[in-house]
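# Chains, contacts and geometry: an overview
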Amino acid sequence: MKPVGPIPPGFADQTGELAIGGRPVSSLVSEAGATPLFVYSADMIAQRISDLREHLPASIRLNYAIKANSFAPLLNRMAALVDGFDIASRGELEMALASGMKPSSISFAGPGKGDDELAAAIEAGVTINLESEHEAERALAIGRRGNLTPCLAIRVNPRFELRGSGMKMGGGAKPFGIDAERIPALVRELATQDCEWRGLHIFTGSQSLDAQAVLEAQANVLALADQIARDSGIGIPLLNMGGGFGIPYFPGDKPLDLARLGQGISVGMQNLPSTLSDTEFHIELGRYLVGEAGVYLTRILDRKESYGETYLITDGGLHHQLAASGNFGTVVRRNYPVGIATRFDKPAEETVNIVGRLCTPLDRLADKVRMPKAGVGDIVAVFCAGAYGASASPSAFLGHGPAAEILV
Ligand SMILES: *Cc1c(COP(=O)(O)O)cnc(C)c1O
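A short tour of the structure in this document, coming up.

## Quick notes on the packing of helix 2 (residues 42-55) against helix 3 (residues 72-81)
Between helix 2 and helix 3, whose axes approach to 11 Å, the crossing angle comes to 25°. The angle between the axes of helix 2 and helix 3 places the two elements in the roughly parallel class. Of the two possible hands of crossing, helix 2 and helix 3 adopt the one that is right-handed. On the side of helix 2, the interface is formed by Ala-42, Ile-45, Ala-46, Ile-49 and Arg-53, while helix 3 contributes Leu-74, Arg-77, Met-78 and Leu-81. Of the residues contributing to the contact of helix 2 with helix 3, the split by class is seven nonpolar, no polar and two charged.

Structural data, given as structure tokens:
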């Protein structure tokens, strides 16, 4: 028997079934017309954002990194709830603009931007987070050719990283950003060019459940931004401090202490170096805003025994929920929170393996978990599916196609 991760708060049973946004799963599945299905709760997302705003200093602007979940109805809702979107491709630029988010509140990072992407971003008036000196030259040249003024920020590759971060994206040699030592020279160069100087983007890592580690990273970010401002002699209009706020996915994971984090960030904001006294601060979050508000529902197609183990074979799999299968940036596979959505009020009575329908041994949704007895037709719920599910899974693999999605 292996444990499952913690089911996020707010999911109750209603007449024996899992309810999302006050509606039982069978009603959600009939509305969507099919399984597999991602259901996202708009109320839970709104609640998460209002909790964050309550704890963070009012001066901090909140951006959503749309790669976590770019489902159009969700983006439309998010556009009214957050202060900006962070994007990483031309496709995401189009989605962000279609949501109604103001171009001046969109920023575009990503280590390999094509000329077409730079041109589209400059035309739209979104901020480009430059990832190399070469990219700076290209953006300036495209601006000159089109008689447009690019809005440019620089993404810094810092020497430090978010301690214990689930995904390492700072600290040492990296394809992301420009090494910290080279930033002041580029800032001075941009000041002589025809562009609007927007400031710095310093992202230090992801998926941290440790408030102290996030605060240390942010203190380092502020110190580095101060250093760059002093070395370049040029102010920083905007500082995107990254984020990295994590959510509990696995057995033993504890939620981030938001009160402690908010308190620490407030202290940081009250003790800013004078170089940053006119700076606007952004935090960019993906999974923390949407991850726990999404559930992946998949129906049991078959129930089989093999050498003493029971397999529940579902109509879903890693082509929709790669992360839950343990194949998206994890070293050791652990179980996400899962449940039998159509028997949500029943006690666990057997140990089963829940798998997807793909012809690969990688396609596991839950290993050796204790569940209520379930059979063909029952619906399995995989929780924490609101981020990096549909947007980060290989839905073309094996030809079953993408899952349906609804926002309720
Ligand atoms: C992926 C990413 C994010 C969002 O990360 P989460 O862990 O989902 O919060 C934010 N900023 C940058 C630069 C990213 O690459």
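Having put the structure on the table, let's press on.
## Side note on the environment of Ile-283
Here Ile-283 lies in strand 13 (residues 280-285). Put simply, Ile-283 and Leu-186 are 97 residues apart on the chain and 24 Å apart in space, counted from C-alpha to C-alpha. Among residues more than four places away in sequence, those in contact with Ile-283 are Leu-56, Ile-60, Arg-61, Leu-62, Asn-63, Gln-218, Met-241, Gly-242, Gly-243, Phe-245 and Ile-265.

## A word on the pairing of strand 14 (residues 294-306)
Bridge count between strand 4 (residues 37-40) and strand 14: four bridges; the pairing is antiparallel. Each residue of the ladder has a partner; that of Tyr-40, found in strand 14, is Gly-294. Sheet topology places strand 14 next to strand 19 (residues 379-382); four bridges connect them, and they run antiparallel. Of the residues in strand 19, the one forming a bridge with Tyr-296 is Val-382. Taking the residues that link successive antiparallel strands as the turn, the strand 14-strand 15 (residues 309-314) hairpin has two residues, and the phi of Tyr-307 there is positive, at about 45°.

## Focus: the site of the ligand
For the ligand, the set of nearby residues contains twelve residues, the closest of which are Lys-67, Ser-206, Gly-286, Arg-287 and Tyr-388. Lys-67 is positioned with one of its side-chain polar atoms (N or O) 2.8 Å from an oxygen atom of the ligand. At a separation of 2.8 Å, an oxygen atom of the ligand approaches a polar backbone atom of Arg-287. In the complex, 92% of the free accessible area of the ligand, which totals 390 Å², lies under the protein chains. Per-class residue counts for the shell around the ligand are five nonpolar, three polar and four charged.

## Things to note about the packing of aromatic side chains
For the structure on display, the rule yields eleven aromatic pairs. Taken together, Phe-38, Tyr-40, Phe-71 and Tyr-296 form an aromatic cluster joined through their ring pairs. Above the ring of Tyr-288, the side-chain terminus of Arg-48 is found at 4.2 Å from the ring centroid. One residue, Lys-113, lies across the ring of Phe-108, its end atom 5.5 Å from the ring centre.

## Topic: the side chain of His-320
Relative to the elements of secondary structure, His-320 occurs in the loop between strand 15 and helix 11 (322-325). Given the relative accessible area of 3%, His-320 is considered buried. Polar side-chain contacts of His-320 include one of 2.9 Å to the backbone oxygen of Gly-401. Residue contacts for His-320: discarding those within four places in its chain leaves Pro-36, Phe-38, Tyr-296, Gly-389, Ala-390, Ser-393, Gly-401, Pro-402 and Ala-403.

## Let's talk about the pattern of salt bridges
The tally for this structure, following the rule as stated, stands at 22 salt bridges. Across the pair Glu-133 and Arg-182 runs a salt bridge, and its minimum N-O distance is 2.8 Å. Within this pair, whereas Glu-133 is found in helix 6 (residues 133-146), its partner Arg-182 is found in the loop between strand 10 (178-179) and helix 7 (183-191), the two being separated by 49 residues in sequence. The exposure class assigned to Arg-182 is partly exposed, which follows from its relative accessible area of 40%.

## A look at the side chain of Asp-86
Position of Asp-86 among the secondary structure elements: in strand 6 (residues 84-87). Within the local environment of Asp-86, its side chain forms a polar contact with the side chain of Ser-107, the two groups lying 2.5 Å apart.

## Some details on the nonpolar core
By size, the foremost hydrophobic cluster in this structure holds 106 residues, and its most contacted members are Tyr-64, Met-78, Phe-85, Ile-154, Leu-200, Leu-239 and Phe-245. A per-element tally of this core places helix 8 (residues 211-232) first, with eleven residues. Two domains each provide a minimum of three residues to this core, namely domain 1 (12-40 + 294-407) and domain 2 (70-285). Look past the residues within four positions of Phe-85 in its chain and what remains in contact with it is Asn-63, Tyr-64, Ile-66, Leu-75, Met-78, Ala-79, Ala-96, Ser-99, Met-101, Ser-105, Ile-106 and Ser-107. Counting residues in each nonpolar core, the second largest holds 16 residues, with Leu-18, Ile-20, Phe-344 and Phe-383 among its members.

## Overview of helix 6
An α-helix turns once every 3.6 residues. As a result, residues three or four positions apart point the same way. With 14 residues, helix 6 extends 20 Å from end C-alpha to end C-alpha; this agrees with the ideal 20 Å at 1.5 Å per step. Inspection of helix 6 places Glu-135, Ala-136, Arg-138, Ala-139, Leu-140, Ala-141, Ile-142 and Gly-143 among the buried residues, and these make up the whole buried set. The secondary structure elements touched by the buried residues of helix 6 are helix 5 (115-124), strand 8 (127-130), strand 9 (151-157) and helix 7. The N-capping residue of helix 6, defined by a side-chain oxygen 3.3 Å from the backbone nitrogen of His-134, is Ser-132. Two residues or fewer after helix 6 comes Asn-147, characterised by a positive phi angle close to 60°.

What counts, and where the lines are drawn
- Residues numbered from 1 in each chain as written.
- Predicted model: local features only at pLDDT ≥ 70, side-chain atom pairs only at ≥ 80, totals over all residues.
- Heavy atoms only, no water.
- Axes fitted to C-alpha atoms, helices over the stretch in contact; angles between N-to-C directions.
- Helix = DSSP H or I, 4+ residues; strand = E, 2+ residues; numbered from the N terminus.
- Parallel < 35°, antiparallel > 145°, perpendicular 65-115°, else oblique.
- Left-handed = near helix turned anticlockwise from the far one by under 90°.
- Contact = heavy atoms within 4.5 Å.
- Nonpolar A, V, L, I, M, F, W, Y, C, P; charged D, E, K, R; others polar.
- Pairing = 2+ DSSP bridges.
- Near = heavy atom within 4 Å.
- Polar contact = N/O pair within 3.5 Å; in protein donor to acceptor, adjacent residues only side chain to side chain.
- Areas by Shrake-Rupley, 256 points an atom, 1.4 Å probe, with all protein chains shown as cover.
- Phe/Tyr/Trp six-rings, centres within 6.5 Å; stacked < 30°, edge-to-face > 60°.
- Lys NZ or Arg CZ within 6 Å of the ring centre and 35° of its normal.
- Buried < 20%, exposed > 50% of the residue type's maximum accessible area, 1.4 Å probe, protein only.
- Salt bridge = Lys/Arg side-chain N within 4 Å of Asp/Glu carboxyl O.
- Core = buried A, V, L, I, M, F, W, Y, C linked by side-chain atoms within 4.5 Å.
- Domains from an automatic or database assignment.
- Expected span 1.5 Å × (residues − 1).

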